[in-house]
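Breakdown of the fold
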Amino acid sequence: SSATISTGNTSTTSSKSSAPSTTGSLTISASQPLIVAPNVNESVTLALSAIGTVSGNYTFSATALPQGVTATFKPSAVSLPAQLKSGVTVTLSAASGAAISNTTVNVIATNGPSVFTQQFSLQSVPALVLIQGNAFNPSSLTVAAGTKVYWLNLDAAGGGDVASSGASNTEGAL
């Protein structure tokens, strides 16, 4: 199935584990859209919250990623409930020629038979400019005529002229 990238919290559901030692649910959420393009990595902090008892050493992985897109988690594992408020950073990377798509990916937290799965919308695009710290990443971009370039503003206030120019969370063709 396909999904459209959205701003704000991209996750509002949780999943329940079937393991007998875990009697709760774990929610994994992100406060920014997941979007990736070749040569532009996006790092997103995933917040963790639990209802009930969720404990143990959970490792993170992602499935259903578009071809050529990878997800790396740091740390790759957390001890719950002790590290519940720490969060996990996922870095999305796209190889040159990665599939261009809107898709739903699964972020999975696993501790033996205890498995929690959270779905997120992911957009893999041909060209992306991140706006963060009042700077552009990449600072220059060369694309073929007609290539759609996506802009993602990661600054809370939008950063002066950039926010007022309409470049925040918009897309446009060059």
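Everything below is about the structure printed above this text.
Quick notes on the rules
- Residues numbered from 1 in each chain as written.
- Predicted model: local features only at pLDDT ≥ 70, side-chain atom pairs only at ≥ 80, totals over all residues.
- Heavy atoms only, no water.
- Helix = DSSP H or I, 4+ residues; strand = E, 2+ residues; numbered from the N terminus.
- Phe/Tyr/Trp six-rings, centres within 6.5 Å; stacked < 30°, edge-to-face > 60°.
- Buried < 20%, exposed > 50% of the residue type's maximum accessible area, 1.4 Å probe, protein only.
- Polar contact = N/O pair within 3.5 Å; in protein donor to acceptor, adjacent residues only side chain to side chain.
- Core = buried A, V, L, I, M, F, W, Y, C linked by side-chain atoms within 4.5 Å.
- Contact = heavy atoms within 4.5 Å.

Re the environment of Tyr150
Looking at the element boundaries, Tyr150 is found in strand β13 (residues 148-153). Spatially, the C-alpha atom of Tyr150 lies 7.4 Å from that of Val125, the residues being 25 residues apart in sequence.

Looking at the packing of aromatic side chains
Scanning all chains against the criterion turns up 3 aromatic pairs. An angle of 80° between the planes, with centres 5.8 Å apart, marks the rings of Phe136 and Trp151 as edge-to-face. Taken together, the residues Phe136 in strand β12 (residues 135-137) and Trp151 in strand β13 connect sequence positions 15 residues apart. Under the relative-accessibility criterion, Trp151 is labelled partly exposed at 28%.

Re the side chain of Ser114
Structurally, Ser114 is set in strand β10 (residues 114-124). One polar contact links Ser114 to Tyr58, side chain to side chain, over a distance of 2.7 Å.

As for the nonpolar core
The nonpolar side chains of a soluble globular protein tend to be buried, and buried together. Ranked by size, the top nonpolar core spans 27 residues in total, and within it Leu26, Ile28, Leu46, Leu48, Phe60, Leu80 and Phe120 carry the most contacts. Residue contributions to this core peak at 4 residues, all from strand β8 (residues 88-94). Not counting residues up to four positions away in its chain, the partners in contact with Leu48 are Leu26, Thr27, Ile28, Phe60, Val78, Leu80, Leu84 and Val88.

Observations regarding the environment of Asn106
By secondary structure assignment, the location of Asn106 is in strand β9 (residues 101-111). For Asn106, a relative accessible area of 17% translates into the label buried. Separated by 44 residues in the primary sequence, Asn106 and Ala62 have C-alpha atoms spaced 5.4 Å apart. Setting aside its immediate chain neighbours within four residues, Asn106 contacts Ser61, Ala62, Thr63, Ala64, Thr117, Gln118 and Gln119. A polar atom in the side chain of Asn106 sits 3.4 Å from the side chain of Gln119.

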